[in-house]
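Tertiary structure, described
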Amino acid sequence: MPATPSSPAPRMILPSMALGLCGGFLEVGLIVLRKYSWNESSSFEAGSDFAWTVPLVHMGTLSLVGLAIAIAGRILPGRISPRAASWLVVTLALWLALLRLPLYGAATFLLAAGLARPSGLWLARMVFRSPRRTVLALSVLMGLLVSLAAITSVRWAFRERTTRAALPLAPSSARNVLLIVWDTVRASSLSAYGYPRETTPNLQRWARRGVRFDRAAVTAPWTFPSHASFLTGEWPFRINSQWEHHLDPSVPTLSAALASRGYETAGFAANTSFCSYENGLNRGFLHYEDYPLTPTSALGRTAAGNWLLRQVAYRDDYFEQKWIERQSRDGARLNEAFLRWLAGRRVDRPFFAFLNYYDAHDPYIPPRAFAGRFGTRPQGPADEEFLMQFARPTRNFGLREAVLARDCYDDCIASLDDQLGRLLGELDRLGTLANTTVIVTSDHGEAFGEHGRFGHGGSVYMEEVWVPLVIVSPDAPAGRTIAEPVSLRDLPATAVDLAGLREELRFPGHSLATCWGGERSVPGGPVSYAFSELVYDPKAVELDDARKSRRLKFSMMAGGHHYVRDGLGGEQLFEVGRDPQETFDRAAEADSQPSLAACRGLLLKQLDAERGAGIIEDAYLRRFRDSLRSAAMPGRPGP
Ligand SMILES: [Zn+2]
């Protein structure tokens, strides 16, 4: 460190920058370590740029500290001790990195201060005493920073550019495909599906220009397996997407298939937990945006910056806190990103774009303009904190809080619907819709206490598996509604059909265009069963075999019924439409036995048609199928 007692300060800035970079690289190391050790989700929980954005933020922060010491040195000449200044800078550099540890801030400060004493003195003696050595050290660290930027962000940008240049010519008749996924939106909360609150006037309006499916089911009641089915057409048990949260690289994706036919492909995913580059859902997309990169989000990548943004800069703004915490963005900003990409693409090519919106996912914090639109408005910080912690409640909550959550959820859906109206209105104005198939759907619903549960991923009841599905396309009739239960597993087959590529690209399942018998499809052809599955968390070591089997659930909508069966053979049968809350289980009633038998038979047919991924067959599927066979065909021996 600079040594002259009269003026330690001017030479503090470069060493501080270097120490900031050291601290930044230490935090990068801790993020990597965290993914492979104490992080339950095994994720970096940061954009792929974190390797250079985190050190850059640290360098900027510490250079400000160095500048402050320099200014203090000028104001108070001779009063700033070089040793104290060195200790302070090293302590702060270490502390800002160690905040990433799962410890209290005060404990990490004491740890940093203790470590700074020997390491700060060593650095002061060995490196920063000489300006030449300081410049050399800073140059090496900057070189490392630039290299990390090159192998992350620059490499992706270069790859996008070269892949786009190498795209083959697209068929002249190919249509654009726009897949819009409202994360966590159940059909029963939409006015487009009969909900008394007018949550979705725009979806209703656009549905009149296309086809509305009244009984669309997701393949699984949570994000990753459901999205994996959207992009591959595979059931979760076929590709092990309930346990492995990374898409199997051997499974073909819709995005890669369309890119191979000359499509420009782009994904914009606001659900950074399960739709990011770490989950492999970006495969086949030339351009993929998950964690947005802005000055604010770069600051939020660091532990200290994230705390500063949430606790100081946006202390009373819970809407912004939601997006800072998730390192994500709301519907308005997602639309902007998509429209920006659309404006920059080659107009002589068709496009496939996938948009995932997180606005209705908990915490249910709507934009200011929508807060309180339906029912209760949060009354102060206690309510806002309750909403922020909704998914991990630390206390039991009562009826008022449950109603508040439900009302705010509706507000969030209304804000999503508003963004849908704005987006489709803009695409209409641009003339894009004349050659575009738009698919609006959701990856799963949300429970609000209907069967004693809140949230999603815990059951296969209608509140979690029944979602909206609207298709607006030049190849789809206006104003049609389809009452037949369908599965969102059929989305890729539908997309390639409506893109005009049915003969060239094959995906599992069937085109839903058969439901309306469009020009390009076979009228009255089969569609996949409205079949959903949920399995236990394989990491839940506390579960015994019986509890695992009870949590294993399959369901099917067919013949006006919703059949639910668990791994212990427990069965429930509900009437779709007449019992929307699924309150009355008909499984034990004598006159329901024919329907029950029919549902068992269909579920067995489904599970017999396709084998599960090796590990899934052994873990639960074979046993489940045998138990179902015994119930469906009593007296018949198993295989
Ligand atoms: Zn989701």
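Residues numbered from 1 in each chain as written. Predicted model: local features only at pLDDT ≥ 70, side-chain atom pairs only at ≥ 80, totals over all residues. Heavy atoms only, no water.

Counted only if it meets this: UniProt positions are given in the numbering used here, feature names are shortened, and annotations may be inferred rather than shown by experiment.
Taking an unreviewed UniProt entry as the reference, the protein chain is identified by name as Arylsulfatase belonging to Aquisphaera giovannonii. Looking at the Sequence similarities (unreviewed entry) heading of the UniProt record, one finds this comment for the protein chain: "Belongs to the sulfatase family."

Points about the pairing of strand E2 (residues 211-217)
Stated precisely, the cut-off is as follows: When a residue's accessible area, from a 1.4 Å probe over protein chains only, is under 20% of the maximum for its type it is buried; when over 50% it is exposed; and in between it is partly exposed. Each helix is a run of H or I in the DSSP string that is no shorter than four residues. Each strand is a run of E no shorter than two, and both are numbered from the N terminus. In this scheme, strands are said to pair when DSSP sees at least two bridges between them.
Burial runs high along E2: six of the seven residues are buried. When E2 meets strand E9 (residues 466-472), the two strands line up antiparallel, connected through five bridges. Across the sheet, residue Ala 217 finds its bridge partner in E9, namely Trp 466. Across two bridges, the pairing between E2 and strand E11 (residues 486-487) is parallel. Note on E11: the bridge partner recorded for Ala 216 is Val 486.

Topic: the sheet that holds strand E13 (residues 553-558)
How we decide: Note on geometry: axes are lines fitted to C-alpha atoms, helical ones only across the stretch in contact, with angles between N-to-C directions running from 0 to 180 degrees. Only heavy atoms enter the contact rule, under which two residues are in contact if any of them lie within 4.5 Å.
Taken in spatial order, the four strands of this open sheet run E12-E13-E14-E15, and their pairing is antiparallel. With one partner strand each, in any of the chains shown, strand E12 (530-534) and strand E15 (571-575) form the two edges of the open sheet. Across this sheet, the average inter-strand angle for adjacent strands is 15°, counted without regard to direction. Pairing of E12 with E13 involves five bridges; the strand directions are antiparallel. The residue of E13 that forms the bridge with Glu 533 is Phe 554. Contacts from helix H20 (residues 614-632) reach E12, E13 and strand E14 (561-566) within the one sheet, and its direction differs from that of E14 by about 120°.

Observations regarding the coordination of the zinc ion
For clarity, the cut-off: Distances up to 2.8 Å from the metal define which N, O and S atoms are donors, and 3.2 Å serves for Na, K and Ca; water is absent from the atom set, so sites may look incomplete. Irregular is the label for any site that misses the other tests, which are tetrahedral for four donors with all angles between 85 and 135 degrees, and square planar for four donors or octahedral for six when opposite donors exceed 155 degrees and the remaining angles lie between 65 and 115.
Bound to the zinc ion on the protein side are Asp 183 (OD), Thr 223 (OG1), Asp 443 (OD) and His 444 (NE2), at distances that span 2.0 to 2.1 Å. Each of the four donor atoms bound to the zinc ion contributes to angles spanning 101 to 133°, and the resulting shape is tetrahedral. Here the donor residues of the zinc ion are spaced in sequence according to D-x39-T-x219-D-H. Linking Asp 183 in the loop between strand E1 (176-182) and helix H6 (201-207) with His 444 in the loop between strand E6 (436-442) and strand E7 (447-448), this pair joins segments that are 261 residues apart in sequence. For Asp 183, a relative accessible area of 0% translates into the label buried.

Topic: the pairing of E14
Most of E14 sits inside the fold, with six of its six residues counted as buried. On E14, burial covers both faces: His 561, Tyr 563 and Arg 565 on one face and His 562, Val 564 and Asp 566 on the other are all buried. By the bridge criterion, six bridges tie E13 to E14 in an arrangement that is antiparallel. Residue pairing for E14: Phe 554 is matched across the bridge by Arg 565. Joining the antiparallel neighbours E13 and E14 is a turn of two residues, in which Gly 559 adopts a positive phi near 55°. Summarising the sheet, E14 and E15 pair through five bridges and their orientation is antiparallel. For Arg 565, the partnering residue across the bridge sits in E15 and is Glu 571. Counted between consecutive antiparallel strands, the loop separating E14 from E15 contains four residues, among which Gly 569 sits at a positive phi close to 90°.

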